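Examination of the molecular architecture
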Amino acid sequence: MAPYRPTAINHSHASENRIHSDDVARAYGFTGALVPGVAVFGYMTHPLTNELGLDWLGHSRVALRLLKPAYHGDRLSIPLTQTGDRTYRVECFNPADALLATVDVEVPLALPEVDARARIEAASTKPPRVEIRWDRIDVDVPFAAAHWTPTVEENARYTRELSDDLPVYRDGVVHPHLIQHWCNQMLVRRFMLPAWIHVGTEMTFRRVLKVGDAIEVRAIPIEKWERKGHEFIKLYQVFLVDGGAAVEAFHTAIFKVAPKAAPSA
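The structure reproduced in this document is the subject of the present report. (Residues numbered from 1 in each chain as written. Predicted model: local features only at pLDDT ≥ 70, side-chain atom pairs only at ≥ 80, totals over all residues. Heavy atoms only, no water.)

Focus: the pattern of salt bridges
Defined as follows: We define a salt bridge as a side-chain nitrogen of Lys or Arg found within 4 Å of a carboxyl oxygen belonging to Asp or Glu.
The tally for this structure, following the rule as stated, stands at 10 salt bridges. Put simply, Arg117 and Asp115 hold a salt bridge, and the shortest N to O gap is 2.9 Å. Glu216 is the partner of Arg218 in a salt bridge, and the nearest nitrogen-oxygen pair spans 2.8 Å. Here the salt bridges share partners, and the residues they tie into one network are Arg89, Glu91 and Asp104.

Quick look at the environment of Glu106
Note the cut-off: Only DSSP runs of H or I with at least four residues qualify as helices, and only runs of E with at least two residues qualify as strands; both kinds are numbered from the N terminus onward.
Within the secondary structure, Glu106 sits in strand β4 (residues 99-106). Along the backbone, Glu106 and Arg190 are 84 residues apart, and their C-alpha atoms lie at a distance of 32 Å.

Some points on the packing of aromatic side chains
Going by this rule: Stacked, tilted and edge-to-face pairs are distinguished by plane angle, under 30 degrees for stacked and over 60 for edge-to-face with tilted covering the rest, among Phe, Tyr and Trp rings (Trp via its six-membered ring) whose centres lie within 6.5 Å. Only protein chains enter the area calculation, which uses a 1.4 Å probe; residues under 20% of their type maximum are buried, those over 50% are exposed, and those in between are partly exposed. Placement of a charge over a ring requires the Lys NZ or Arg CZ to be within 6 Å of the ring centre, with the centre-to-atom vector within 35 degrees of the ring normal.
Within this structure, the stated rule accounts for 6 aromatic pairs. For the pair Phe143 and Phe191, a centre-to-centre distance of 6.1 Å together with 80 degrees between the ring planes defines the contact as edge-to-face. One end of the pair, Phe143, is in the loop between β5 (130-131) and β6 (146-148); the other, Phe191, is in strand β7 (residues 191-192), with 48 residues separating them in the sequence. A centroid spacing of 5.1 Å and a plane angle of 5 degrees characterise the contact between Trp225 and Phe232, whose relative ring orientation is stacked. Residue Phe232 is classed as buried on the basis of its relative accessible area of 5%. Cluster of aromatic residues (ring-pair linked, three or more members): Trp148, Trp182 and Phe239. Over the aromatic face of Tyr236 sits the side chain of Arg117, whose NZ or CZ is 5.6 Å from the ring centroid.

Some thoughts on the sheet that holds strand β11 (residues 244-256)
Operational definition: Paired strands, as defined in this entry, are two strands with at least two bridges between them according to DSSP. Under this scheme, a helix contributes an axis fitted over its contacting stretch, all axes are lines through C-alpha atoms, and angles between N-to-C directions fall in the 0 to 180 degree range. The contact criterion used throughout is that any non-hydrogen atoms of two residues lie within 4.5 Å.
Across the sheet, which stays open at both edges, the 9 strands sit in the order β2-β3-β4-β1-β8-β11-β10-β9-β6 with antiparallel pairing between neighbours. The strands lining the two open edges of the sheet, one partner per strand, are β2 (80-82) and β6. Across the sheet, the axes of successive neighbouring strands diverge by a mean angle of 20 degrees, strand direction being ignored. Its contacts with the sheet put helix α2 (residues 37-52) on β1 (60-66), β2, β3 (87-93), β4 and β8 (197-205), and the angle it makes with β3 is roughly 135 degrees.

Here's the deal with the nonpolar core
Here is the rule we go by: Think of a nonpolar core as a cluster: buried Ala, Val, Leu, Ile, Met, Phe, Trp, Tyr and Cys residues, connected wherever their side-chain atoms sit within 4.5 Å.
Ranked by size, the top nonpolar core spans 64 residues in total, and within it Leu48, Val103, Leu209 and Phe239 carry the most contacts. Those residues in contact with Leu48, other than ones at most four positions away along the chain, are Gly53, Trp56, Leu80, Tyr88, Val90, Val103 and Val105. Ile19, Leu34, Tyr71 and Ile254 belong to the second largest nonpolar core, which has 8 residues in total.

Some details on helix α6 (residues 176-188)
An α-helix turns once every 3.6 residues. As a result, residues three or four positions apart point the same way. How we decide: Here, expected helix span is obtained from the residue count minus one, scaled by 1.5 Å.
Here α6 spans 19 Å end to end across 13 residues, near enough to the 18 Å set by a 1.5 Å rise per residue. Extensive coverage of α6 is indicated by the burial of 12 of its 13 residues. Here α6 has its buried residues at Pro176, His177, Leu178, Ile179, Gln180, His181, Trp182, Cys183, Asn184, Met186, Leu187 and Val188.

So, the side chain of Ser77
Considering the arrangement of structural elements, one finds Ser77 in the loop between β1 and β2. Accessibility expressed as a relative area gives 16% for Ser77, which makes it buried.

Regarding empty space enclosed by the protein
Inclusion rule: Of the grid points, spaced at 1 Å and generated over the protein atoms alone, those admitting a 1.4 Å probe that cannot get out make up cavities, while open sets with protein on both sides within 12 Å along at least five of seven lines make up pockets; any residue with an atom within 4 Å of a point is treated as lining. Grid points are joined across faces, edges and corners, and a volume is the space filled by probe spheres set on the points. Classes in brief: Ala, Val, Leu, Ile, Met, Phe, Trp, Tyr, Cys and Pro nonpolar; Asp, Glu, Lys and Arg charged; the others, Gly included, polar.
Applying the stated rule across the entire model yields 2 cavities of 30 Å³ or more. Size it by volume and the largest cavity reaches roughly 60 Å³. Of the residues assigned to the lining of the largest cavity, the class counts are 4 nonpolar, no polar and 3 charged. Looking at the lining of the second largest cavity residue by residue, the classes come out as 8 nonpolar, no polar and 1 charged.

Any link to function would need more than the numbers given here.
Set out below in structure tokens:
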């Protein structure tokens, strides 16, 4: 199968997350504004849905790793490889043939039990947003839930941003790009993050999300750590439909990016 070859587009120049702007991204040592990781994931789902149809969106385990940034205008090369009887790998390369991201997918005979944290009640009130800081992240304390009903217009927008013309999304299946956007939303609904980077997500798809579904999204910060000057957060998230877990996600981000090292004298 020939690699899928979309052109990466940064639709988030005006985002509150200034890592998607040229000036701030360059101040942190990047070539320019970063294309959002959720968009890179969205591009990478095209060959999966094209080959597997809805099977993986309703019954799979998915591990996304974002290794290097994609930049606006990059012509991406995205091959899909079957790695086992029920396993697949998608890779994303830039024009210089650097590996930017991987998505490993398993479509098992049976999915694992739903994480026990899916049953933890969300916070009863939503506090005012504050700028994120290490001491403001309360591990194992749930956020307030979000109530989301995907619309035709919203789904079309997130599909159109990727130039993804697969008919399943026109027929009302929620695009994985939009699902990942809501993984991000659960973090930014709680905190202001001036410049941050999505680095990976592990997901379990248990039910195909559809336009019109009444979805409750819950999130709990379960870990925070520091590495090489970066400060990380991991959230457990669950998308509930009719009281059952439709999608689970372990969503990881650098919430405080290490400053660019000063040049040596």
